[in-house]
Amino acid sequence: MENREDLKSMLPFLPLSLRSSNLFWPSQVVESLKTLSKGPLYSKVNSGELLFITISNIRDSLALPSLHRLSPYAHEGYGLFFDELISREEAAKWFADVVPGLANFLLRLPSLLESHYHNADNLLNGVKTGFRLLGPQDAGVVFLGQELIGALLVCAFFCLFPVSDRDPSDMSLHLRDIYSSYSEKQENKIKCIIHYFERICLSMPEGSVSFERKILPSEQLPLCVSYPKADFWIKSVVSLCTLEVHSSGFIEDQSSGALEVDFSNKYLGGGALHRGCVQEEIRFMINPELIAGMLFLPCMEDNEAIEIVGAERFSNYTGYASSFRFSGDYVDKRDVDSFRRRRTRIVAIDALCNAGMGQYELKYLLRETNKAFCGFLDQSKCDHKRLFRDGGLKGSLCIQADRDGDVMMDEAPSTSVEIALSGEESVNQVIRYSDKKGSWCEDPENKIGIATGNWGCGAFGGDPEIKTIVQWLAASQALRPSVSYYTCGLKSLQNLNQLSQWISLHGWTVGDLWNMLVEYSSQRFDRETNLGFFAWLLPSLFSQEAP
């Protein structure tokens, strides 16, 4: 264990010690957890105030110099939530059934991690899947069991993670904000997390979740698509995929198996553990296993995305932002793949924040389109004949072989993780030939589209019409069969379906639409037009006034 580079990369961020190939808690922590695991009649922990005191004592026993100090509001937060905001019946159940279960999770954490590292080298032939820090420009994948994720999230709830030198560094699910600045949305975010803990203490899921940092490398690599320049988009002859417009409904409720877009902060999870409560933070509350990625997947750079497969949903909700409310249990009925991951595929891509008129500059159009392309691209199903058909673009290609060894195009799985079964190189860098069709991928005939919406709009200040087109271009170039676009009733997109039908009817390619987008954006940036893109492109169809 001492020689494992993956474990070494994570030890500074874990509250455990390593000695003689064993991970362990300090003896005082073990005794405190054993006492807590026996229930309130033995531990006397039957209130939020006493739970906070116990957590504080455990933290003191760790004696970690890098353990951050708890907010002065944390004490009051635990008391307010467990002693006042929830019913006495709910509180009694929490302290009698759930808190002992959480203590047992923490007691098992060392053995869960040891078992994880013991098995990590055998999951994908030669591909590293162990729990490790995947920093910027470090393409790779980590597979974690749901039980291990549960134990890690209990660590977060008990505020046991050391402070890292990464920003934001606080990986604590503490309740300070509910006291320091109470809001109903904050109370309901906590209810989602509490419900998750109730569920896993009642019945622990036995599946796994994969976390992948995807990169479009700046340099040319064998058998891999690199970060495109503007010329790539100008010359593209790839056909535009189907765009399905939904004026109601939510991305997470789609049932087609599509890759679901997380409108991410550049720091995965954004304000999920604090006061944020928009699209990304809500997704992290109803699928809490996503939170685990925040521990080992730091800041995304412009050529990166993060794809997470298998996160289970546990909660229902209503509302958005200040109106967000937990609305009860959710039973996730999506089936699982051969890696025991639920077929929920989520890709985190971060948009430009508050770019203002700068979003119409070519360099930022290119940045946003490439960001979406990175997230949507499955390196295992790139076809050079379609991506580089005119021969004028120099780039790497992605290929596979059929049973006879002939190069061909196939509809491959959503993630490059699934193509690594027969490979030994890092994911996202090299895809090996397979001598047997389908031996390296899951559901090779399954055509996986994109489910998205108003990415980078709202608080981030993006132009919804531009962001829609950018995502359509990226999905098409990534050879996705379709985009399911959820407008959430946004007025500026009410004619999106009409626009997409006109463009499709006229057989436009990615290059055609990109060139029109660039021309419009140049005029918009130079203040030569104040029309939205839709009205500018098709004035005969859209007669709305300039904004």
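In this text the structure is predicted, and so the values were computed from the model without any measurement. (Residues numbered from 1 in each chain as written. Predicted model: local features only at pLDDT ≥ 70, side-chain atom pairs only at ≥ 80, totals over all residues. Heavy atoms only, no water.)

K.L.:
If you had to explain the overall build of the chain to someone new, which residues and values would you point to?
P.N.:
Looking only at helices and strands, one finds 18 helices and 14 strands in the chain. Sorting the 547 residues of the chain into buried and exposed places 58% on the buried side. Within the chain, counting contacts between residues at least 6 apart in sequence, those at least 24 apart form 76% of the total. (Helix = DSSP H or I, 4+ residues; strand = E, 2+ residues; numbered from the N terminus. Buried < 20%, exposed > 50% of the residue type's maximum accessible area, 1.4 Å probe, protein only. Contact = heavy atoms within 4.5 Å.)

K.L.:
Before we move on, can you summarise the sheet that holds strand 13 (residues 450–453) with the specific residues and values?
P.N.:
One open sheet accounts for eight strands, arranged 3-4-7-10-6-13-14-5; its pairing is mixed. Sheet topology places strand 3 (140–145) and strand 5 (242–246) at the edges, where each strand pairs with a single neighbour. Each strand of the sheet is rotated relative to its neighbour by a mean of 25°, with strand direction disregarded. The pairing of strand 6 (residues 259–264) with strand 10 (residues 345–350) spans six bridges and is parallel. When the sheet's bridge partners are listed, Phe 263 is paired in strand 10 with Ile 349. Contacts from helix 11 (residues 279–286) reach strand 6 and strand 10 within the one sheet, and its direction differs from that of strand 6 by about 120°. (Pairing = 2+ DSSP bridges. Axes fitted to C-alpha atoms, helices over the stretch in contact; angles between N-to-C directions.)

K.L.:
Give a detailed account of the pairing of strand 13, specifying residues and quantitative values.
P.N.:
Side chains Ile 450 and Thr 452 of strand 13 all project onto a buried face; the interleaved residues Ala 451 and Gly 453 project onto the opposite face, where all are buried too. Pairing geometry for strand 13 and strand 14 (residues 482–486), over four bridges, is parallel. Residue pairing for strand 14: Gly 453 is matched across the bridge by Tyr 486. The parallel pair strand 13 and strand 14 is bridged by helix 15 (residues 464–477), and the resulting crossover is right-handed. (Right-handed = clockwise from strand over helix to strand, strands pointing away.)

K.L.:
Can you explain the packing of helix 7 (residues 146–157) against helix 9 (residues 184–202)? Please cite residues and give values.
P.N.:
Two elements in contact, helix 7 and helix 9, have axes whose closest approach is 11 Å; the angle formed by their N-to-C orientations is 135°. If you check the angle between helix 7 and helix 9, you find them oblique. The interaxial crossing formed by helix 7 with helix 9 has left-handed handedness. When helix 7 is examined against helix 9, the residues Ile 149, Gly 150, Leu 153, Val 154 and Phe 157 are found in contact with a partner set consisting of Ile 194, Tyr 196, Phe 197 and Ile 200. Residue composition of the contact of helix 7 with helix 9, grouped by class: eight nonpolar, one polar and no charged. (Parallel < 35°, antiparallel > 145°, perpendicular 65-115°, else oblique. Left-handed = near helix turned anticlockwise from the far one by under 90°. Nonpolar A, V, L, I, M, F, W, Y, C, P; charged D, E, K, R; others polar.)

K.L.:
Outline the pairing of strand 6, supporting the account with residue identities and numerical values.
P.N.:
It is a general feature of regular strands that their side chains alternate between the two faces of the sheet. The buried fraction of strand 6 is high, at six of six residues. Every second residue of strand 6 is oriented toward a common face, with Leu 259, Val 261 and Phe 263 on one face and Glu 260, Asp 262 and Ser 264 on the other, all of them buried. Looking at chain direction, strand 6 and strand 13 are connected through two bridges and run parallel. In the sheet register, Leu 259 faces strand 13, and the bridge partner there is Ile 450.

K.L.:
If you had to explain the confidence of the model for the chain to someone new, which residues and values would you point to?
P.N.:
Caution applies to low-pLDDT regions: their predicted coordinates should not be interpreted in detail. Of all residues in the chain, 84% have pLDDT values of 70 or greater, and the mean over the chain is 86. Segment residues 390–442: pLDDT under 50, and 162 contacts once partners within four positions in sequence are set aside and those in other chains are kept. (pLDDT = per-residue confidence, 0-100.)

K.L.:
Now, about the pattern of salt bridges: what can you tell me, with residues and values included?
P.N.:
Pairing is possible between side chains of opposite charge, provided their charged atoms come close. Applying the stated criterion across every chain yields a total of 23 salt bridges. For Asp 463, the salt bridge goes to Arg 524, with nearest N and O atoms at 3.8 Å. With Asp 463 in the loop between strand 13 and helix 15 and Arg 524 in helix 17 (residues 510–525), this residue pair connects regions lying 61 residues apart in the sequence. Looking at Asp 463, the relative accessible area reads 10%, which means it is buried. (Salt bridge = Lys/Arg side-chain N within 4 Å of Asp/Glu carboxyl O.)

K.L.:
I'd love a proper account of helix 7, names of residues and values included.
P.N.:
Spanning 12 residues, helix 7 covers 16 Å between terminal C-alpha atoms, matching the ideal 16 Å at 1.5 Å per step. The complete set of buried residues in helix 7 reads Gln 146, Leu 148, Ile 149, Gly 150, Ala 151, Leu 152, Leu 153, Val 154, Cys 155, Ala 156 and Phe 157. (Expected span 1.5 Å × (residues − 1).)

K.L.:
Would you mind going over the packing of aromatic side chains in detail, with residue names and values included?
P.N.:
One pass over the structure, following the stated rule, counts 26 aromatic pairs. Linked through ring pairs, Phe 52, Tyr 78, Phe 81, Phe 82, Trp 94, Phe 95, Phe 157, Phe 158, Tyr 196, Phe 197 and Phe 314 together constitute an aromatic cluster. Sitting above the plane of the Tyr 42 ring, Lys 38 keeps its charged end 4.5 Å from the centroid. Stacked on the ring of Phe 105, the Lys or Arg Arg 108 has its end atom at 4.9 Å from the ring centre. (Phe/Tyr/Trp six-rings, centres within 6.5 Å; stacked < 30°, edge-to-face > 60°. Lys NZ or Arg CZ within 6 Å of the ring centre and 35° of its normal.)

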